[in-house]
4 protein chains.
Amino acid sequence: MIVMLKKGYDEEQFQDLVAWLKAKDIRIHFSQGVEHTILGLVGDTTVIDPSLIQALDIVEDVRRIQEPYKKANRKFHEEDSMVDVKGLKIGGENFQLIAGPCSIESEDQILKIARLVMEAGATILRGGAFKPRTSPYDFQGLKEEGLRLMLKAKEETGLPIVTEIMDASHIMMFEHVDMIQVGARNMQNFELLKTLGRVDKPVLLKRGLANTIQELLMSAEYIMNEGNENIVLCERGIRTFETATRNTLDISAVPVLKSLTHLPVIVDPSHGTGSAHLVPPMAMAATIAGADGLLIEVHNDPAHALCDGPQSLTPEVFQSLAKRINEIKGFAFRRGDKL
Amino acid sequence: MIVMLKKGYDEEQFQDLVAWLKAKDIRIHFSQGVEHTILGLVGDTTVIDPSLIQALDIVEDVRRIQEPYKKANRKFHEEDSMVDVKGLKIGGENFQLIAGPCSIESEDQILKIARLVMEAGATILRGGAFKPRTSPYDFQGLKEEGLRLMLKAKEETGLPIVTEIMDASHIMMFEHVDMIQVGARNMQNFELLKTLGRVDKPVLLKRGLANTIQELLMSAEYIMNEGNENIVLCERGIRTFETATRNTLDISAVPVLKSLTHLPVIVDPSHGTGSAHLVPPMAMAATIAGADGLLIEVHNDPAHALCDGPQSLTPEVFQSLAKRINEIKGFAFRRGDKL
Amino acid sequence: MIVMLKKGYDEEQFQDLVAWLKAKDIRIHFSQGVEHTILGLVGDTTVIDPSLIQALDIVEDVRRIQEPYKKANRKFHEEDSMVDVKGLKIGGENFQLIAGPCSIESEDQILKIARLVMEAGATILRGGAFKPRTSPYDFQGLKEEGLRLMLKAKEETGLPIVTEIMDASHIMMFEHVDMIQVGARNMQNFELLKTLGRVDKPVLLKRGLANTIQELLMSAEYIMNEGNENIVLCERGIRTFETATRNTLDISAVPVLKSLTHLPVIVDPSHGTGSAHLVPPMAMAATIAGADGLLIEVHNDPAHALCDGPQSLTPEVFQSLAKRINEIKGFAFRRGDKL
Amino acid sequence: MIVMLKKGYDEEQFQDLVAWLKAKDIRIHFSQGVEHTILGLVGDTTVIDPSLIQALDIVEDVRRIQEPYKKANRKFHEEDSMVDVKGLKIGGENFQLIAGPCSIESEDQILKIARLVMEAGATILRGGAFKPRTSPYDFQGLKEEGLRLMLKAKEETGLPIVTEIMDASHIMMFEHVDMIQVGARNMQNFELLKTLGRVDKPVLLKRGLANTIQELLMSAEYIMNEGNENIVLCERGIRTFETATRNTLDISAVPVLKSLTHLPVIVDPSHGTGSAHLVPPMAMAATIAGADGLLIEVHNDPAHALCDGPQSLTPEVFQSLAKRINEIKGFAFRRGDKL
């Protein structure tokens, strides 16, 4: 962390700051210029809240040079982490294809789609029981009944399941779920993150619509800081001025995240684009850029999906796409590549 | 709602759609063009999830012309709503100045600031007990102890209090709080919104960093739909590409909201700018543009605030600002003005 | 400027960097930490292109602490600049109301509006002869004929005129124009900026739709660097995710610019909102926040304006607004205010 | 185009509108609802400026359903266009790799890089002679001398060349250039676009930092409308709130553009990310998503590049990347693919 002091700063306040930093085991490098005096802080600066220093009268500016996350930071954990979802690994060289409907609508629907995506190559089943919807008048999911149907689909197909939690108080209902998803709107629901940090289950953490990559890593850090290090990050599109797509899928987040963290990174091209016809090219782009998996909406009857219909693939298209993904996976960019 | 059908659409699917709409009491106006066939849907279209229609094979595009919110909509409630906070009214011609520290730090601090802001002209006291922070390593608030100190400050000064809730399960602790704040990061925490909809207390609902004005109104609708119509909306800055300010304070949201909804609208220039020196001009701008109140951070020792220090005013500056706000309030733009 | 070197940097490359910097009269403060070595560069760092240093193998990061603009920087020119438009001053305590139609449509139209806005209180006339339009099929302005009509309106009313230039090669046609406007889309048309820097006329420089405040100042610096220091900056809305307004008018740009530069700052609430009903509250907000003037579209028959109709005021509304602006001007926030 | 009239609209104004539309050969479908009256306009609505209709008192809203571009529209030109650059084709199934330095610095530099990129697999040489820089104090390019050196490199290697134009008045200097680039900041420099529309040379049109896909197509339409239909579109990153990358490279723009237009689409991962280590994965992602080519910065000594150094590849990395691109090209997503 670098602290720039104002010209003609008060010496007494300066000595207070020095004492406070030393008490936190921070060493200080002092560089006196004509226009500015600069302090270089050395030590574990993650424990320092920069806004506290910024607030001092004598301080002109504070800038971090060290990332404010530790447990998620690749600098302190060089090898790729692998997250185990009921025996299946995500990360390292392990790629998983997660597919299923946006919402669980009925037993018949979820069982049918589960079988179809399994045959087509999916290795994990997704499906929404609790649905965050912008409007209170839109379909909110089958809730507990939806979870029950997901478990049934898991039993029938053997596929591990992932589904979204919307409130910390629901955690008991997720006992038999294999991976718990935190949706984009809850990426900074810190109470939920802390609750998941105390659970012994993989967490699929989606990037918020307007959250930076660093904020995503800070949210992972919240979970890890409570003890749960089984986190899979998910890029799912960010909010920009462009309206041709529902969100702008930030594929560059994959290599950026891969360089900053050891956690696995997957991509959701369905929410990331909002249009079924854009899912295949973007799924392929994410794969080749080095993603550790994909999260794809599939519906046996997209025209009747109770939510997010326009972005769901038919099982036929999903099958072709899965085949294509398989063909290109071996060519994917890897962090160690001499490029 | 307007539905554009694809050229050469399937007649059977079309009849299914017509039947489904009619079952929902929607009347259909049919307009046949050469390139496009257009259906105008008339009736209560808030009950229709446009993505369901969009998902149909025969549909090219769906557009709402009616707003998807009802209870918050000024079209169905022409007069300004007034929200009563322990006898003080917000809305209509009633303007309230809400002030206090970002975080409650100690009994001494909150009592001292409470008295100072009251003397300076504040009518409601704010202070954070539960603090949403991007980093798990930053100060998270005094929590229950903080609420206890707020109640003490209320008792001593007689000022009503407003403080932030971070999780639905905490609701019991807020029994004696006069107005409950939903922070920007929780604007789409739908479980929390529903919980607050079943409480008989005013809610201060902040706009999310990347949420549209319509989404803010939909979140208000979630609360109102459960029965609680005492909602004050708060503009607090949105996330843009500009980095000179922490957020871009969208003052135009005030007149836009005033035309769309009957709910009161206040502005938080402290979070909206992130810099103490920008708070006075932006507080004045919000007032003159027609806001029903301001939410301002004040700290008796900004240099030692445990969070958000750089944006807090000293009590002296707050006092001068309160005086200035009082002078200009009478000139503020009002919806009925012949301008 | 601060340069952070990589751990274990190459000594020879380091000596090359030091020599290169010294040749540019830059002094170097050296601060050796355990994790990082930091160089503080002291002197006129505006002459250093940071990307050159960033590109070096031995460099981890480069950050400016000094603003990259000199002539526009308030640090080197403490008092407000005043720009003289044919005897009228903008800046300091001088406020000007600039009004007129979006496009000049006919002699009758421009003369009629010119008289109406003058009576209503406008002090400078605006009107577009060359119109930048997104579509080649939309009205492109009357061009030279439009300029001729503007000059006629100037002659008849005595109002100084401001109008937009779209290409450097048109400069000869603007000989009798009193202030030349650079539109938002041309804010980084550097050839145009340089041409205007060699002209002895005030320039009204609009902020680009997606340009930061610093980039706006760098564009002013382009003009000033060629010799013309008569620049008025104009905030006119930036592009964000919000769609309820055509742009998001960044009122906070006024106090931010006022602190960074000595140049006058005005606001265009017409383009900044895109809706006539939002112009009065936003014009008032800009004024109270300390703007040195307003740029407002007025049309005697808004329903038939050839472009940008929805955001034009009628002369009646403009007159009421001008009166209101006059009433509140005296209360406006000023940089020296003890708030 | 759909026009929604206000409730209780004035009949006379309505008849005026009808007459005006009929004079433009537009037919009108009339749909009378209880809340709204809707007009469906049928015919060539590109000639109608929607803001003119929006400005009418009787109109509530106007929405386009037909795209406002014709010549660039795939609806009227189903097959892919191919652009010929001195015998090399871009588009259809033809992929070109364009590479070279950001700026031309010296004869030695450009000749060396030209040979290196040709050997590595580049088919077209890029290099900047006129450089748009945010700061007037940064390197502005070698200008005419730079063009001369580019032509020399073309002569020596036989590679066609592409270089950026910054002002319409420079067009004579580009006589021997094979493809003229319009930079992101000039995407809406309409005078420049019109000038290029009257030239018989391919144009490489880059998307502006804050421009929508539709605006990019409208800018192409400006050029095409003057007669020049040889346009290659280029996605190069858009401006968002994320700061981990210099821009957010919008890979989804590739399939979106491919569905909307017949023009070829290439991607610039160098400017799109701003970091050399992100160029390979993003170049691969763009290729697999169906781009018709890549524009990549290569420098034989990135540490001394006079501009944009941090995003340039070394020739060695470029060579490996070119090989990788070749391997995956055959798997790329194509519009006709049954996915």
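What counts and how
- In this numbering scheme, every chain counts its residues from 1 along its sequence in written order.
- Chain labels run from A onward and ligand labels from 1 onward, assigned in the order the entries are written.
- For a predicted model such as this one, the threshold for reporting local features is a pLDDT of at least 70, and the threshold for listing and counting side-chain atom pairs is 80 or more; totals across whole chains, interfaces and linings nevertheless cover every residue.
- Calculated side-chain values reflect all of the structure's heavy atoms, with hydrogen atoms and water omitted.
- Secondary structure elements follow DSSP: runs of H or I no shorter than four residues count as helices, runs of E no shorter than two count as strands, and numbering proceeds from the N terminus.
- Only protein chains enter the calculation, and the probe is 1.4 Å; a residue is then buried if its accessible area is under 20% of its type maximum, exposed if over 50%, and partly exposed in between.
- Each accessible area value is a Shrake-Rupley result obtained with a 1.4 Å probe; residue values ignore everything except the protein chains displayed when judging cover.
- The sign given to each residue is positive for Lys and Arg and negative for Asp and Glu; His and the chain ends receive no count.
- By convention, charge coordinates are those of NZ in Lys, CZ in Arg, CG in Asp, or CD in Glu.
- Given a helix with a known number of residues, its expected span is that number minus one, times 1.5 Å.
- Here a polar contact is recorded for every N or O atom pair within 3.5 Å, except that within protein the pair must consist of a potential hydrogen donor and a potential acceptor, and residues adjacent in sequence are included only if both atoms are side-chain atoms.
- Two residues form a contact once any of their heavy atoms are found within 4.5 Å.
- The buried area of a pairing is the accessible area, by a 1.4 Å probe, that goes missing from both parts when the two are put together, added over both.
- For this document, the term salt bridge refers to a Lys or Arg side-chain nitrogen within 4 Å of an Asp or Glu carboxyl oxygen.
- Note that Gly is not counted as nonpolar here; it falls among the polar residues with everything else outside the nonpolar set of Ala, Val, Leu, Ile, Met, Phe, Trp, Tyr, Cys and Pro and the charged set of Asp, Glu, Lys and Arg.
- Marked domain ranges trace back to an automatic or database domain assignment.
- The copies are overlaid by a least-squares fit using only the C-alpha atoms of residues whose pLDDT is at least 70 in both copies.
- Aromatic pairs are defined between Phe, Tyr and Trp rings, using the six-membered ring for Trp, whenever the two ring centres lie within 6.5 Å; interplanar angles under 30 degrees are classed as stacked, those over 60 as edge-to-face, and all others as tilted.
- Only lysine NZ and arginine CZ atoms are considered, and such an atom sits over a ring when it is within 6 Å of the ring centre and within 35 degrees of the ring normal.
- Strands pair, by our definition, only if DSSP identifies at least two bridges between them.
- The convention used is that axes are lines fitted to C-alpha atoms, helices contributing only their stretch in contact, and that angles between N-to-C directions extend from 0 to 180 degrees.
- Patch criteria: residues need more than 30% relative accessible area and no salt bridge. Like-charged residues are merged within 9 Å; nonpolar side chains of Val, Leu, Ile, Met, Phe, Trp and Tyr are merged within 5 Å.
- In these notes the angle categories are as follows: under 35 degrees is roughly parallel, over 145 is roughly antiparallel, 65 to 115 is roughly perpendicular, and the rest is oblique.
- The handedness criterion is simple: a crossing whose near helix is rotated anticlockwise from the far helix by less than a right angle is left-handed, and one whose near helix is rotated clockwise is right-handed.
- This arc is built from the directions going out from the helix axis to the C-beta atoms.

I tried to follow the overall build of chain A on my own but got confused; where do I start?
Each helix and strand in chain A was counted, giving 10 helices and 14 strands. Taken along its principal axes, the extent of the C-alpha atoms in chain A is 75 × 45 × 40 Å. Out of the 339 residues belonging to chain A, those deemed buried represent 67%. If you sum the accessible surface of chain A, you get close to 11200 Å²; carbon and sulfur atoms cover 49% of it. Where the 38 positive side-chain charges of chain A centre and where its 47 negative ones centre are 3 Å apart.

Explanation requested: helix 1 (residues 11-23) of chain C in the structure shown.
Each full turn of the α-helix corresponds to 3.6 residues, which orients residues three or four apart in the same direction. Residues and elements named next belong to chain C. Along its 13 residues, helix 1 runs 18 Å from first to last C-alpha, staying within 8% of the 18 Å computed at 1.5 Å per residue. Its side-chain oxygen placed 3.2 Å from the backbone nitrogen of Glu12, Asp10 serves as the N-cap of helix 1. In the segment just after helix 1, Asp25 is the residue with positive phi, at about 65°.

Quick question: what am I supposed to make of the interface of chain A and chain D here?
Bring the parts together and some accessible area is lost; that lost area is often taken as the interface size. Each partner contributes to the interface: chain A provides 42 residues, whereas chain D provides 42 residues. In total, chain A and chain D occlude about 3400 Å² of area from one another, counting both sides; carbon and sulfur atoms represent 75% of this. When the buried area of chain A at its contact with chain D is split by residue, A:Phe241, A:Phe331 and A:Leu339 rank highest and sum to 21% of it. Here chain A is connected to chain D by four salt bridges. Between A:Asp337 and D:Arg324 there is a salt bridge whose closest N-O contact spans 2.7 Å. Summed over the shared surface of chain A and chain D, the result is 10 residue pairs in polar contact (both at pLDDT 80 or more). Elements with a minimum of two residues in the side of chain A that touches chain D: helix 7 (253-260), helix 9 (279-288) and helix 10 (315-329) of chain A. Looking at the side of chain A that touches chain D, its residues break down into 25 nonpolar, nine polar and eight charged.

I tried to follow the domain arrangement of chain A on my own but got confused; where do I start?
Taken domain by domain, chain A comprises domain 1 (2-63) and domain 2 (83-334). If you average the C-alpha positions of domain 1 of chain A and of domain 2 of chain A, the two centres end up 43 Å apart.

What should I look at first to understand the relation of the copies chain D and chain C in this one?
To go from the first copy of the chain to the second, apply a rotation about an axis and then a shift along the same axis. With an RMSD of 0.1 Å, the operation that places chain D on chain C is a rotation of 180° combined with a shift of 0.0 Å along the axis. A rotation of that kind, with that shift, is consistent with a two-fold axis. Among all residues of chain D, the one whose C-alpha sits closest to the rotation axis is D:Ala210, at a distance of 2.8 Å. Residue by residue, 100% of the interface of chain D is reproduced at the interface of chain C, so both copies engage with the same surface.

Explanation requested: the environment of B:Leu209 in the structure shown.
Relative to the elements of secondary structure, B:Leu209 occurs in the loop between strand 11 (203-206) and helix 6 (213-225). Between the alpha carbons of B:Leu209 and B:Ile65 there is a distance of 26 Å; along the sequence they are 144 residues apart. Aside from chain neighbours lying at most four places away, what touches B:Leu209 is B:Ala184, B:Arg185, B:Arg236, B:Gly237, B:Ile238, B:Arg239, B:Asn247 and C:Phe241.

I'm lost on the packing of aromatic side chains in this one. Help?
Where two aromatic rings form a pair, the distance of their centres and the angle of their planes describe that pair. Summed over all chains, the structure comprises 14 aromatic pairs over all chains. Sitting over the face of the ring of B:Tyr137, A:Lys70 holds its NZ or CZ atom 5.0 Å from the ring centroid.

How do you make sense of the interface of chain D and chain C when you look at a structure like this?
Opposite the 50 residues of chain D that make contact, chain C presents 51 residues. Buried area between chain D and chain C, both sides added, is near 4100 Å², and the carbon and sulfur share of it is 52%. For the pair chain D and chain C, the interface holds two salt bridges. Ionic pairing is found between C:Glu215 and D:Arg239, a salt bridge with its closest N-O pair at 2.7 Å.

Looking at this structure, how should I read the sheet that holds strand 3 (residues 37-42) of chain A?
The pairing of strands in a sheet comes from backbone hydrogen bonds and takes either a parallel or an antiparallel form. Residue and element names in this part refer to chain A. Taken together, the four strands give an open sheet; going across it, the order is 2-3-1-4, and neighbouring strands pair in antiparallel fashion. Where the open sheet ends on each side, the last strands, each with one partner, are strand 2 (27-32) and strand 4 (59-63). Ignoring strand direction, the axes of neighbouring strands in this sheet form an average angle of 20°.

I keep staring at the pattern of salt bridges and nothing clicks. Help me out?
If you walk through the whole model with that rule in mind, you get 83 salt bridges over all chains. When the shortest N-O distance is used, the salt bridge between A:Lys154 and A:Asp178 registers 2.9 Å. Here A:Lys154 is found in helix 4 (residues 144-157), whereas its partner A:Asp178 is found in the loop between strand 9 (161-165) and strand 10 (179-182), with 24 residues between them in sequence. Just as A:Lys154 is buried, A:Asp178 falls in that class too. Connected through salt bridges with shared partners, the residues A:Arg207, A:Glu235, A:Asp250 and D:Glu242 form a single ionic network.

It is not clear to me how the relation of the copies chain A and chain D should be interpreted in this structure. Could you clarify?
Between chain A and chain D, the superposition needs a rotation of 180° and an axial shift of 0.0 Å, giving an RMSD of 0.1 Å. Both copies share a contact surface, since 100% of the interface residues of chain A are interface residues in chain D too.

What's the story with the sheet that holds strand 3 (residues 37-42) of chain D in this structure? I'm lost.
Residues and elements named next belong to chain D. Judged by pairing direction, the sheet is antiparallel, and its four strands sit side by side in the order 2-3-1-4 without closing on themselves. In the strand order of this sheet, the two ends are held by strand 2 (27-32) and strand 4 (59-63), each with one partner. Within this sheet the neighbouring strands show an average axis-to-axis angle of 20°, counted without direction. As paired elements, strand 2 and strand 3 share six bridges and run antiparallel to each other. If you follow Ile28 over to strand 3, its bridge partner there is Leu41.

Would you mind going over a negative patch on the surface with me for this structure?
On the surface, a cluster of negative charge is contributed by C:Asp301, D:Asp10, D:Glu11, D:Glu12, D:Asp16 and D:Asp57. With respect to the element layout, D:Asp57 can be found in the loop between helix 2 (50-54) and strand 4. The exposure class of D:Asp57 is exposed, given its relative accessible area of 52%.

Teacher, can you tell me more about the packing of helix 6 (residues 213-225) of chain C against helix 7 (residues 253-260) of chain C here?
Between two packed helices, both the angle of their axes relative to each other and the distance between the axes serve to describe the pair. Residue and element names in this part refer to chain C. Their axes nearest at 11 Å, the elements helix 6 and helix 7 cross at an angle of 50°. As the angle between them shows, helix 6 and helix 7 are arranged oblique. Crossing of helix 6 against helix 7: the hand is right-handed. For the pair helix 6 and helix 7, the contacting residues are Ile213, Leu216 and Leu217 in the first and Ala253, Val256, Leu257 and Leu260 in the second. Tallied by class, residues from the contact of helix 6 with helix 7 come to seven nonpolar, no polar and no charged.

Would you mind showing me how to read helix 1 (residues 11-23) of chain B here?
All names here are of chain B. All of the buried residues in helix 1 are Phe14, Leu17, Val18 and Leu21. Taken end-on, helix 1 shows its buried residues confined to a sector of 100°, consistent with a single buried face. Among the exposed residues of helix 1, those pointing more than 90 degrees away from its buried face are Glu12, Asp16 and Ala23. Its buried side turned inward, helix 1 meets strand 1 (2-5), strand 2 (27-32), strand 3 (37-42) and helix 2 (50-54).

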